[in-house]
Amino acid sequence: MKNIIWLASYPKSGNTLIRLFLSCYLFSKNGTLEDFNLIRNIILFNHFDIFNKIENICNKDEFVKNPEKISNYWIKAQESLYKNHPKEIFILKTHNANIVYNNNPFTNERYTKRFIYIVRDPRSVLISSKYHYNLDNYEIAMEHILSDKRLTYVNKNILPEFLLSWRSHYISWRKFYREYPNLGLIIKFEDLIAQPEKMFLKILNFIQKKSYTKIDKNKFNNSLRSVQFNNLQNIEKTQGFDEKRGQAKYFFRKGIVDEWKKEVPGNILKVVEKEFNQEMKELGYL
């Protein structure tokens, strides 16, 4: 029943970068990104099209009134994917914390073939979140990543996700990794930027089982070039990107490391570093 590969992350941590690379390598002829339609091969788990296959699911409006109800259907949606497509492997994007809510687990080892968790320095997440969501200041951005009550809401056909705080999100997937280390891979966004060839090769080998699948070097290199930030920015400027928030100028803004050193006020940094001290030290951010 294991037919799901999760690409999981807290928002603004590099999930889209990995999705685009895998889309180029796995779903194109030569690894070249012509437009962003290619990314649609990697599905959003919380899209209503996945959940509406569940028998007796409540009306979508009910999720607007009570977004927490989504937890009742997490496992049912995964069961439905296997029932309807038992021989197909799905690569699914999620920003959901891997939690148990009202006795409902988000996922489990029964349906998870593999998972990749992308983590990013929370000080950098602050900056990307502020611009992406058009927040007024860093105080509001900080409140978001500190809050264990953070939950998204229905947006068109996109159903709610439990985001929680940066720490709780990371801990939830780290726990899953420690329980099932053979199923998981934890990747730091900063390593993707510093060593893209090494890290994307690691991701690809992890997904494909390198002992069974030979890497197409030419296609791999084309995929690497395709996801360079300047190329992604150029495509977005000419064609747009439908995952960009309406208020933000661009989705692919900078994609750099340590921008927070000159950008985020010192008092905000102190709070974040204090609240997430243990996890940031564990990850080498402090």
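In case you missed it, the structure is sitting above this.
Rules used in this analysis
Residues numbered from 1 in each chain as written. Predicted model: local features only at pLDDT ≥ 70, side-chain atom pairs only at ≥ 80, totals over all residues. Heavy atoms only, no water. Helix = DSSP H or I, 4+ residues; strand = E, 2+ residues; numbered from the N terminus. Rg over C-alpha atoms; globule rule 2.2 N^0.38 Å. Buried < 20%, exposed > 50% of the residue type's maximum accessible area, 1.4 Å probe, protein only. Contact = heavy atoms within 4.5 Å. Areas by Shrake-Rupley, 256 points an atom, 1.4 Å probe, with all protein chains shown as cover. Lys, Arg positive; Asp, Glu negative; His and termini not counted. Charge placed at Lys NZ, Arg CZ, Asp CG, Glu CD. Axes fitted to C-alpha atoms, helices over the stretch in contact; angles between N-to-C directions. Parallel < 35°, antiparallel > 145°, perpendicular 65-115°, else oblique. Nonpolar A, V, L, I, M, F, W, Y, C, P; charged D, E, K, R; others polar. Left-handed = near helix turned anticlockwise from the far one by under 90°. Pairing = 2+ DSSP bridges.

(A) Expanded view of the overall build of the protein. When its secondary structure is counted, the protein shows 14 helices and 7 strands. The C-alpha atoms of the protein give 19 Å as radius of gyration, which agrees with the globular expectation for 286 residues (19 Å, within 12%). Here the C-alpha coordinates of the protein stretch approximately 50 × 50 × 40 Å along the principal axes. The buried share of the protein, reckoned over its 286 residues, is 52%. For the protein, the proportion of contacts with a sequence separation of at least 24, taken over those separated by at least 6, is 73%. Here the protein has roughly 14200 Å² of accessible surface; of this, 46% comes from carbon and sulfur atoms. The average position of the 46 basic charges and that of the 31 acidic charges among the side chains of the protein differ by 4 Å.

(B) Looking closely at the packing of helix α6 (residues 138–146) against helix α13 (residues 266–275). The contact between α6 and α13 brings their axes to 10 Å, and the two run at 5°. In terms of axis orientation, α6 runs roughly parallel to α13. Facing α6, whose interface residues are Tyr138, Glu139, Met142, Ile145 and Leu146, α13 presents Asn267, Ile268, Val271, Val272 and Glu275. When the residues that make up the contact of α6 with α13 are grouped by side-chain class, the tally is 7 nonpolar, 1 polar and 2 charged.

(C) Region of the structure containing the packing of helix α1 (residues 15–27) against helix α10 (residues 217–226). Remark: α1 packs on α10, axes separated minimally by 9 Å, with the N-to-C direction vectors making an angle of 150°. Crossing geometry of α1 relative to α10 is assigned as right-handed. Contacts between α1 and α10 involve Phe21, Cys24 and Tyr25 from the former and Lys219, Phe220, Ser223, Leu224 and Ser226 from the latter. Looking at the contact of α1 with α10 residue by residue, the classes come out as 5 nonpolar, 2 polar and 1 charged.

(D) Structural view of the sheet that holds strand β6 (residues 112–119). The 5 strands lie next to each other as β2-β3-β1-β6-β7, forming an open sheet whose pairing is parallel. Of all the strands in the sheet, just β2 (43–44) and β7 (184–188) have a single pairing partner and so form its edges. Here β2 runs beside strand β3 (residues 90–94); their pairing, made up of 2 bridges, is parallel. Residue pairing for β3: leucine 44 is matched across the bridge by lysine 93. Its contacts with the sheet place α1 against β1 (4–9), β2, β3 and β6, and it is angled at close to 145° to β1. Sheet contacts for helix α9 (residues 196–208): β1, β6 and β7; angle to β7, the most-contacted strand, approximately 165°.

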